[in-house]
Amino acid sequence: MISKWMVTSLSSVLALSILIPTANADTLSELEQKQQETQQQQSELNAGINEKAGQITQNVSKLEQLASKIADLNTQINDTEANINNVQAEIDQTKIEIDELKKSIVELERKIEERTQLLKERARAIQLSGGSVDYMDVLLGANSFVDFIDRFSAVNTLIEADREIMREQAADKELLAEQKEQVESKLAEQELRRSELVGLKASLGSKKTEQAGFVRNLETEQQRLATEKSGLENKRTEAIAISADLEKQIMNEQARLAEIARKAEEERQRKIAAEKAAAEARAQAQAQADATAKEEARAQAAREAQAKTSAKAETASKPKVSSPVVSAPEKVETAPAPSSSAMFIRPVSGRYSSGFGGRDIGDGAESHLGQDIANVTGTPISAAASGYVSFAGNMGGYGNVVILTHSINGQSYATVYGHMSAINVSAGQAVSQGQNVGLVGSTGRSTGPHLHFEVHIGSWNGARSNAVDPMNYF
């Protein structure tokens, strides 16, 4: 009766201890899920920051190119302005020359006008004299040869003067026309050149304004990208802080779970000890009962022997009377006490394909922090020891993974089962050694179907700094 009550009480306590960490393990699973989400967010933020940095670098290159183009345009504008100034100086000089030519033209026009008036007067004189002058009458009217010579010389002089006037008049008119044409042509040419240079300057100024607009747009874009990059960096800082805080919470929660598992293990050991004590008590009671039964059997045999002796003495005078037969009490068999389990068992059958330590599977040298056991997809995977499920789900390169937390002889451990094709337990669940937790697969970063098995002294952490070679614990 006492043994039954003890077993019932211990079972109730153990059931209660199993129920308590379930909620805690759910909390741990939520924290680890949040940490994965935060790490994913960090990865996305890093990608965004790198993208913004690349765009900023491209904009800097574009700004440098635009700055070089603007510098070239400024040089061209300065050269054009210098040319415009030179042409303007030439135009100004031409205007001075024009003014001089205008003065010359005025003088020529005055001379031409005077000659014209002189010719008009001579014409009127001829008309008033009744016709053209008869130079022969002048010559024939000479009084002497000397007078003839004088008259002939005077006539020649008059005739030559008239001819000279006509030649000068024609030359001056021609020179006047040439000077007017030269001045007008030179002025038109310089004005056209100046107009072209002014147009070129306006075009260069327009290009410069356009390039300046591009620069302003790029600078605005640069400022926007820098602001967005700064915002992403702030978010990344926040995410890192949140991740660090979640890491602390996870470690604290894992420590609490390990403590609960340790207490549950102690309770289980106490239960085993109690059951063993009860079994020993039952065995002792049974042994005592057996001894008593044997003693009673001996006493009964003695009584039967005495009765037989008395019966023989009475047989001579009394008829034989058959005595009742007393059978010995049935012996009760006791169950042997259970033996304690090994520390860890091999979680799956198969071939060891990759050991603990350095290796290279095609992506360069890396540190392999577990043992790979190859087998076909769907091979059952067992818990290496009793404990609690601290994580069950997908975790990046691990693929589908289960993490168990154990407490053995006062020390907490964590075991990891990666690349599963199926998960058969859930976070917070209590599991016993040898219980099926999933099936062999090739999910995550895997080169073929196998179990990736890890052992950690203490709680599992993202850095896996406490991983040890599982081969030392089988």
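Please refer to the structure higher up on the page.
In short, a report on the structure. Computed from a predicted model, the values in this text were never measured in an experiment.

With that settled, the discussion passes to the overall build of the protein. Each helix and strand in the protein was counted, giving three helices and 13 strands. Considering only residue pairs separated by 6 or more positions, the protein has 71% of its internal contacts joining residues 24 or more positions apart. Total accessible area on the protein stands at roughly 28,700 Å², and carbon and sulfur atoms take up 55% of it.

Bringing the packing of aromatic side chains into the picture now. If you walk through the whole model with that rule in mind, you get five aromatic pairs. Ring centres of Tyr413 and Tyr473 lie 6.3 Å apart, and the angle between their planes is 65°; this geometry places the pair in the edge-to-face category. Placement of the pair is Tyr413 in strand 8 (residues 411-420) and Tyr473 in the segment after strand 13 (467-468), with a sequence separation of 60 residues. For the pair Tyr413 and Tyr473, a shared accessibility class is recorded, and that class is buried. Note on Phe453 and Phe474: the rings are 5.9 Å apart at their centroids and 20° apart in plane angle, and the pair reads as stacked. Here the residue Phe453 occupies a position in strand 12 (residues 450-457), and Phe474 occupies one in the segment after strand 13, the gap between them amounting to 21 residues. Given a relative accessible area of 35%, Phe474 falls into the partly exposed group. Cluster of aromatic residues (ring-pair linked, three or more members): Phe344, Tyr413 and Tyr473.

Okay, the sheet that holds strand 9 (residues 422-423) next. Two orientations exist for strands paired in a sheet by backbone hydrogen bonds: parallel and antiparallel. Read from one edge to the other, the open sheet built from three strands follows the order 5-11-9, with strand pairing classed as antiparallel. On the outer flanks of this sheet lie strand 5 (380-382) and strand 9, each paired with one strand and no other. Strand direction decides the pairing type here: strand 9 and strand 11 (residues 436-439), joined by two bridges, are antiparallel. In the sheet register, Ala422 faces strand 11, and the bridge partner there is Leu439.

This next bit is on the pairing of strand 4 (residues 371-374). The side chains of a regular strand alternate, first on one face of the sheet and then on the other. In strand 4, alternate side chains face the same way, and those of Gln371 and Ile373 on one face and Asp372 and Ala374 on the other are all buried. Strand direction decides the pairing type here: strand 4 and strand 12, joined by four bridges, are antiparallel. Within strand 12, the position partnered with Gln371 by the bridge is Phe453.

This paragraph deals with the pattern of salt bridges. Across all of its chains, the model carries two salt bridges by this definition. One salt bridge in this structure joins Glu228 and Arg224, with 2.5 Å as the shortest N-O distance. On the criterion of helical spacing, the pair formed by Glu228 and Arg224 is a turn pair, its members being four residues apart in helix 3 (residues 145-315). A salt bridge links Glu454 to Arg464, with the nearest nitrogen and oxygen atoms 3.1 Å apart. Of this pair, Glu454 sits in strand 12 while Arg464 sits in the loop between strand 12 and strand 13; the two residues are 10 residues apart in sequence, bridging distant segments of the chain. You can call Glu454 buried: its relative accessible area is 0%. Exposure remark for Arg464: the relative accessible area of 25% places this residue in the partly exposed category.

Parameters at a glance
- Residues numbered from 1 in each chain as written.
- Predicted model: local features only at pLDDT ≥ 70, side-chain atom pairs only at ≥ 80, totals over all residues.
- Heavy atoms only, no water.
- Helix = DSSP H or I, 4+ residues; strand = E, 2+ residues; numbered from the N terminus.
- Contact = heavy atoms within 4.5 Å.
- Areas by Shrake-Rupley, 256 points an atom, 1.4 Å probe, with all protein chains shown as cover.
- Phe/Tyr/Trp six-rings, centres within 6.5 Å; stacked < 30°, edge-to-face > 60°.
- Buried < 20%, exposed > 50% of the residue type's maximum accessible area, 1.4 Å probe, protein only.
- Pairing = 2+ DSSP bridges.
- Salt bridge = Lys/Arg side-chain N within 4 Å of Asp/Glu carboxyl O.

Note that all results are geometric; they support no functional claim without further evidence.
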